[in-house]
Amino acid sequence: MLILSAFFIAASAPQATTVVAPLRAVGVAADTVVILTAELRTHVGRSKAYRLVTPEEMGAINDELERQLEGGCDEASCVAELGGALGAKYLITGQVGRLGKLFTLQLKMIDIETVAAKRTASGHSKEIEGLLLKLPQLAGELLGEARPKP
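In this report, the structure presented in the accompanying data block is examined.

Rules behind the numbers
Residues numbered from 1 in each chain as written. Predicted model: local features only at pLDDT ≥ 70, side-chain atom pairs only at ≥ 80, totals over all residues. Heavy atoms only, no water. Phe/Tyr/Trp six-rings, centres within 6.5 Å; stacked < 30°, edge-to-face > 60°. Helix = DSSP H or I, 4+ residues; strand = E, 2+ residues; numbered from the N terminus. Buried < 20%, exposed > 50% of the residue type's maximum accessible area, 1.4 Å probe, protein only. Pairing = 2+ DSSP bridges. Expected span 1.5 Å × (residues − 1). Bend = angle between axes of the 7 residues up to and from the residue. Contact = heavy atoms within 4.5 Å. Polar contact = N/O pair within 3.5 Å; in protein donor to acceptor, adjacent residues only side chain to side chain. Core = buried A, V, L, I, M, F, W, Y, C linked by side-chain atoms within 4.5 Å.

**Let's talk about the packing of aromatic side chains**
Under the definition given, this model contains one aromatic pair. Between Tyr50 and Tyr90, the ring centres sit 5.7 Å apart and the planes meet at 70 degrees, which makes this aromatic pair edge-to-face. With Tyr50 in strand S3 (residues 50-53) and Tyr90 in strand S4 (residues 90-99), this residue pair connects regions lying 40 residues apart in the sequence. The exposure classification of Tyr50 matches that of Tyr90, with both residues buried.

**Regarding the pairing of strand S6 (residues 116-125)**
By the bridge criterion, nine bridges tie strand S5 (residues 102-111) to S6 in an arrangement that is antiparallel. Residue pairing across strands places Thr104 opposite His124, the latter belonging to S6. The turn linking S5 back onto S6 is made up of four residues, and Val115 within it adopts a positive phi angle of 55 degrees.

**A word on helix H6 (residues 128-143)**
For H6, built from 16 residues, the straight-helix expectation of 22 Å at 1.5 Å per residue is met to within 8% by its first-to-last C-alpha distance of 22 Å. At Leu135, H6 shows its largest kink, close to 45 degrees, and the proline Pro136 lies no more than four residues downstream. Considering only its buried residues, H6 is in contact with helix H2 (30-45), S3, S4, S5 and S6. Residue Gly144 follows H6 closely and has a positive phi angle near 75 degrees.

**What about the environment of Met109?**
Position of Met109 among the secondary structure elements: in strand S5. Take Met109: its relative accessible area is 0%, and that puts it in the buried class. When near neighbours in sequence (up to four residues on either side) are disregarded, Met109 contacts Tyr50, Tyr90, Leu91, Ile92, Ala116, Ala117, Lys118, Arg119, Leu142 and Leu143.

**Section: the environment of Arg98**
Along the chain, Arg98 turns up in strand S4. Of note is the side chain of Arg98, whose polar atom sits 3.2 Å from the backbone oxygen of Gly100.

**Some points on the pairing of S5**
Counting buried positions over the ten residues of S5 gives seven, a clear majority of the element. In this sheet, S5 lies alongside S4 in antiparallel orientation, the contact comprising ten bridges. In the sheet register, Leu99 faces S5, and the bridge partner there is Leu102. Hairpin connection, S4 to S5: the antiparallel pair is bridged by two residues, and Gly100 has positive phi, about 65 degrees.

**Details of the nonpolar core**
Within the largest apolar cluster, 25 residues are counted, with the highest numbers of intra-cluster contacts made by Leu23, Leu40, Ile92, Val96, Leu105 and Leu107. The set of elements that each furnish at least two residues to this core consists of strand S1 (16-20), H2, S3, S4, S5 and H6. Counting residues per element, this core draws most heavily on H6, which supplies seven residues. Among all residues touching Leu40, those that are not within four sequence positions of it are Val20, Leu23, Ile92, Leu107, Leu135 and Ala139. Counting residues in hydrophobic clusters, the runner-up holds six residues, among them Ala21, Val53, Leu91 and Ile112.

Pasting the structure below:
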């Protein structure tokens, strides 16, 4: 009975509103990063614990968010202001880059209220397509819904 009650409480818990900012490109084609951002948003949108604020809901705010992040909005106050404007509890940011022969993807989930990283995840691949294949696992790690691979 206790387990059943806990299940219903967890199932009725409100979802935390989450914004996935456009990923930044570092030495990688911008259109590739757009695809990876869309895929990350898809995985966040499938989560039962998080409610994704979609680009359609964000409207013009998405353009401003992208502009701010490209301009170096890494300061805590800037991140809090952007997320707060969207009414979000969490903001997911990250970047896709290339270092030598490796492609990298770093993701960070930021708690808007405390402006602290709640979780991070990263992956590396010799081919850009490998990052796309790793994205489900990385998104699960970031959302606390999957155990990280050793």
